[in-house]
Amino acid sequence: MMGPARTGFARLPTLVAFLCVLCAPRPAQSAGHPNILWLTCEDISPYLGCYGFAQAHTPNLDRLAIEGIRYTHAHANAPVCAVARSTLLTGMYSPTIGTHQMRSRVQLPAAIPAYPKIFRAAGYYCTNNSKKDYNSNFERDETLWDESSGKAHYKNRKAGQPFFAVFNITVTHESQLDAKKIADYVAKSQIPATPRVDPAKILLPPYHPDLPEIRQDWARLHDLITRMDALVGERLAELHEAGLADDTIVFFYSDHGGMLSRAKRFIYNVGTQVPLLVRIPKKWGNLAPAPPGSAVDRLVSFIDFPKTVISLAGLPVPPLMQGRIFLGPDAEPAPESVHFYRDRMAERYDFSRAVTDGRYYFIRNFVPHRPRGRDSRYGYDVQANWGAWERHYAAGKCDAIQSQFFQPKPVVELFDTQADPWHVSNLAGSPEHREHLAKLERDLDAWMVAIRDIGLIPEPLFHELAGEDKNFKTLYEYAQSDRYPVEWLLQIAKEVSLGNPEKLPNYLRCMTDENPIARHWGAYGVFLVRPKAPDVRKALMDMMTNDPM
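Residues numbered from 1 in each chain as written. Predicted model: local features only at pLDDT ≥ 70, side-chain atom pairs only at ≥ 80, totals over all residues. Heavy atoms only, no water.

### Here's the deal with the sheet that holds strand E8 (residues 294-301)
- The 8 strands are arranged E4-E3-E5-E1-E6-E7-E2-E8 in an open sheet whose pairing can be described as mixed. Looking at the sheet topology across the chains shown, the edges are occupied by strand E4 (147-148) and E8.
- Judged from the 2 bridges that link them, strand E3 (residues 125-129) and E4 form a sheet pairing that is parallel. Paired with Asn128 across the two strands is Ser148, which belongs to E4.
- Seen against the sheet, helix H2 (residues 59-67) touches strand E2 (69-75), strand E6 (248-254) and strand E7 (276-279) and runs at an angle of roughly 55° to E7. (Pairing = 2+ DSSP bridges. Helix = DSSP H or I, 4+ residues; strand = E, 2+ residues; numbered from the N terminus. Contact = heavy atoms within 4.5 Å. Axes fitted to C-alpha atoms, helices over the stretch in contact; angles between N-to-C directions.)

### What about the pairing of E6?
- Counting buried positions over the 7 residues of E6 gives 7, a clear majority of the element.
- A two-sided burial pattern is seen for E6, the buried positions comprising Thr248, Val250, Phe252 and Ser254 on one face and Ile249, Phe251 and Tyr253 on the other.
- With 7 bridges joining them, strand E1 (residues 35-41) and E6 adopt parallel strand pairing. Bridging from a neighbouring strand, Leu39 pairs with Phe252 of E6.
- In terms of strand pairing, E6 meets E7 through 4 bridges, oriented antiparallel. Considered in E7, the bridge of Val250 is made with Arg279. (Buried < 20%, exposed > 50% of the residue type's maximum accessible area, 1.4 Å probe, protein only.)

### Notes on the pattern of salt bridges
- Evaluation of the coordinates by the stated rule reveals 34 salt bridges.
- A salt bridge links Asp210 to Arg215, with the nearest nitrogen and oxygen atoms 2.6 Å apart.
- Judged by relative accessible area, Asp210 falls into the exposed class, the value being 54%.
- Where Lys307 meets Glu332, a salt bridge forms, and the shortest distance between an N and an O atom there is 3.2 Å. Highlighted residues: Lys307 in helix H9 (residues 305-312) and Glu332 in the loop between H9 and strand E9 (338-342), separated in sequence by 25 residues.
- Take Glu332: its relative accessible area is 28%, and that puts it in the partly exposed class.
- A cluster of three or more residues bridged by salt bridges with shared partners is formed by Glu42, Arg85, Arg103, Lys131, Asp133 and Asp255. (Salt bridge = Lys/Arg side-chain N within 4 Å of Asp/Glu carboxyl O.)

### Brief notes about the side chain of Lys132
- Looking at where Lys132 falls in the secondary structure, it is placed in the loop between E3 and E4.
- Buried within the structure, Lys132 lacks any salt-bridge partner; its nearest side chain of opposite charge belongs to Glu142, at an N-O separation of 4.6 Å.
- A polar atom in the side chain of Lys132 sits 3.3 Å from the backbone oxygen of Glu139.
- Leaving out residues up to four positions away in the same chain, Lys132 has contacts with Arg85, Glu139 and Ser148. (Lys, Arg positive; Asp, Glu negative; His and termini not counted. Polar contact = N/O pair within 3.5 Å; in protein donor to acceptor, adjacent residues only side chain to side chain.)

### Points about the packing of H2 against helix H7 (residues 212-241)
- Where H2 meets H7, the axes come as close as 7 Å, and the angle between the chain directions of the two elements is 55°. Classified by the interaxial angle, the pair formed by H2 and H7 is oblique. Across the interface between the two elements, Pro59, Asn60, Leu61 and Leu64 from H2 touch Met228, Asp229, Ala230, Val232, Gly233 and Leu236 from H7.
- Looking at the contact of H2 with H7, its residues break down into 7 nonpolar, 2 polar and 1 charged. (Parallel < 35°, antiparallel > 145°, perpendicular 65-115°, else oblique. Nonpolar A, V, L, I, M, F, W, Y, C, P; charged D, E, K, R; others polar.)

### Examining empty space enclosed by the protein
- In this structure, the largest cavity spans a volume of roughly 150 Å³.
- Those elements giving two or more residues to the lining of the largest cavity turn out to be E1, helix H3 (81-90) and strand E5 (163-168).
- By residue number, the principal contributor to the lining of the largest cavity is H3, which donates 3 residues.
- Tallied by class, residues from the lining of the largest cavity come to 8 nonpolar, 3 polar and 4 charged.
- Here the second largest cavity defines a volume of roughly 70 Å³. (1 Å grid on protein atoms, 1.4 Å probe; cavity = no way out; pocket = protein on both sides within 12 Å on 5 of 7 lines; lining within 4 Å. Points joined across faces, edges and corners; volume = space filled by probe spheres on them.)

### Considerations on the confidence of the model for the protein
- Model confidence for the protein is summarised by a mean pLDDT of 93, while 94% of its residues fall at 70 or above.
- Scored below 50 in pLDDT, residues 1-30 shows 92 contacts in the model against residues more than four places distant or in partner chains. (pLDDT = per-residue confidence, 0-100.)

### A word on the pairing of E8
- Burial of E8 is extensive: 6 of the 8 residues sit out of reach of the surface.
- Sheet topology places E2 next to E8; 6 bridges connect them, and they run parallel. Each bridged residue has a counterpart across the sheet, and for Ile69 the counterpart in E8 is Ser294.

### Comments concerning unusual backbone geometry
- For the peptide bond that leads from Asn129 to Ser130, omega is -5°, which places it in the cis range.
- Among the secondary structure elements, Ser130 is positioned in the loop between E3 and E4.
- A positive phi angle, close to 55°, is found at Asp133, a residue other than glycine.
- Relative to the helices and strands, Asp133 resides in the loop between E3 and E4.
- Look at Arg530: it is not a glycine, yet its phi comes out positive at around 55°.

### As for the layout of surface pockets
- Estimated volume of the largest pocket: approximately 370 Å³.
- Every residue lining the largest pocket is counted, 17 residues in all, and those nearest its centre are Pro458, Glu459, Pro460, Leu461 and His520.
- Counting residues per element, the lining of the largest pocket draws most heavily on helix H18 (residues 516-529), at 6 residues.
- For the lining of the largest pocket, the class distribution of residues is 11 nonpolar, 2 polar and 4 charged.

### Here we look at the nonpolar core
- Core analysis: the largest hydrophobic core is formed by 109 residues, its most contacted members being Trp38, Tyr71, Phe119, Phe164, Phe251, Leu276 and Ile457.
- At 7 residues, H18 tops the list of elements feeding residues into this core.
- Counting 66 residues, the second-largest nonpolar core is a separate cluster that includes Val197, Leu244, Ala263 and Phe415. (Core = buried A, V, L, I, M, F, W, Y, C linked by side-chain atoms within 4.5 Å.)

### Quick notes on the packing of aromatic side chains
- Going through the model one piece at a time under the given rule, you end up with 42 aromatic pairs.
- On the basis of an interplanar angle of 90° and a centroid distance of 5.1 Å, the ring pair of Tyr253 and Phe305 is categorised as edge-to-face. Here Tyr253 is found in strand E6, whereas its partner Phe305 is found in helix H9, with 52 residues between them in sequence. We note that Tyr253, like Phe305, is buried.
- Summarising the aromatic geometry, the rings of Tyr524 and Phe527 are spaced 6.0 Å apart at their centres and angled 25° between planes, so their arrangement reads as stacked. Residue Tyr524 and its partner Phe527 are both found in helix H18; the two are separated by 3 residues, about one turn of the helix.
- You can call Tyr524 buried: its relative accessible area is 9%.
- Judged by relative accessible area, Phe527 falls into the partly exposed class, the value being 34%.
- Pairwise contacts between aromatic rings join Trp38, Tyr71, Tyr115, Phe119, Tyr124, Trp145, Phe164, Phe251, Tyr253, Phe302, Phe305 and Phe326 into one cluster.
- Above the ring of Tyr51, the side-chain terminus of Arg70 is found at 5.2 Å from the ring centroid.
- The cationic tip of Arg377 hangs over the ring face of Tyr380; the distance from NZ or CZ to the ring centre is 3.6 Å. (Phe/Tyr/Trp six-rings, centres within 6.5 Å; stacked < 30°, edge-to-face > 60°. Lys NZ or Arg CZ within 6 Å of the ring centre and 35° of its normal.)

Put into structure tokens, the structure is as follows:
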């Protein structure tokens, strides 16, 4: 679906109830409880041989795909690590619980579930090696894991005790493309001195200009993926040598897509789609939806993972968890669509939501004046391709597609992922695609209302609406209350984002509404329209002087 050599890639709610789940007595070990091993990597889309990627060299993962199941439509719900991981941990959408802004420490109420606690209460030995990055107070929760460190390992459990183990392989993280890191990998003979794939033979995505820095980074990305594959092989061999392979369900996936410019952190398919391989041993074969070696086209996303693994272990699923079980006897019907979110990325504020039905991919940008390429500077600091592209654009040398990244966003985007895997041809204005757009737009609106999307609340208001001295101690509790009219606010935000001068009276009315969130969106609408009328200036001055928030 995306990548420099796309050969065949397209084949490619209650607290009481929850506490009952945690407190119910469970056996320390049972022959009916499989071990579960999560092998995760970082920042890659499905650039693997088993996904038909011609320039990949990933023998261990290709073998895992033959022994297991390959999901062709698997997604992270957010294109960045901490936000995606908060969903993986809790089985709840980040905009529902308030963990949607990257690099935050959101306080969550005790009712919010976390799958390691559920497994530990059931007698499992739970280890995390070693990244947390949960964007919430769960990062400081010492009761989550039996072990969480660079030495955490299932081998430290009691004899016969079932385990849930996570090993996070960081070699494909975007930071590893830094020149010093690459030199260190070469010095240790972990990647070749010269890229395995000739940079000149890389098939670039249409949004990337043909520059040496970009070609070199693409080539080195493949070297890092091959190194990651070798580390996965070591973990699988370790499991086999310990005699545990026949009792362990293995998942492999990336924490989101990426990793080069316009991938990680961006809500396009290249930032959200991930490889997902699941190997289920023969003794647990009844849990698999298809025979080994099969490709499964079911839509799956991170919101589904916690419910699924809890169900596979035969444990009760907390009622607050969202998503659908996709494996085992309790598997639920496949969803018709998958939803995504992008908000603040480090220091750069943004707010976009998206939905896909597997082919068509709809994006609504609520703050369209912010260009994509003026994003967090982290990518620019650690990879050469970001700066090279930006300089090329500043020199006026980018074509229309390559320039999109540094220009204001359309409010609405629609892509045919099958025909346009890189998401560069916006079909939102196409008459023949009007029906697809309308269907996905209704789907996205209904989802945002159903999950009570906190993204509609400007971040500076978080502590004004919730806190120890407020009626609601956490933002989640506020958003779940009738004090948060999410459906009404969504319609305001949608209208405002269009920046329609004819709607200026509506924007001005919002600026005087008793709801501070509505006042925010009204002011944003005025900003987009930028009228110079005296009454507008007076309204803005009155708001700056008298607004209680």
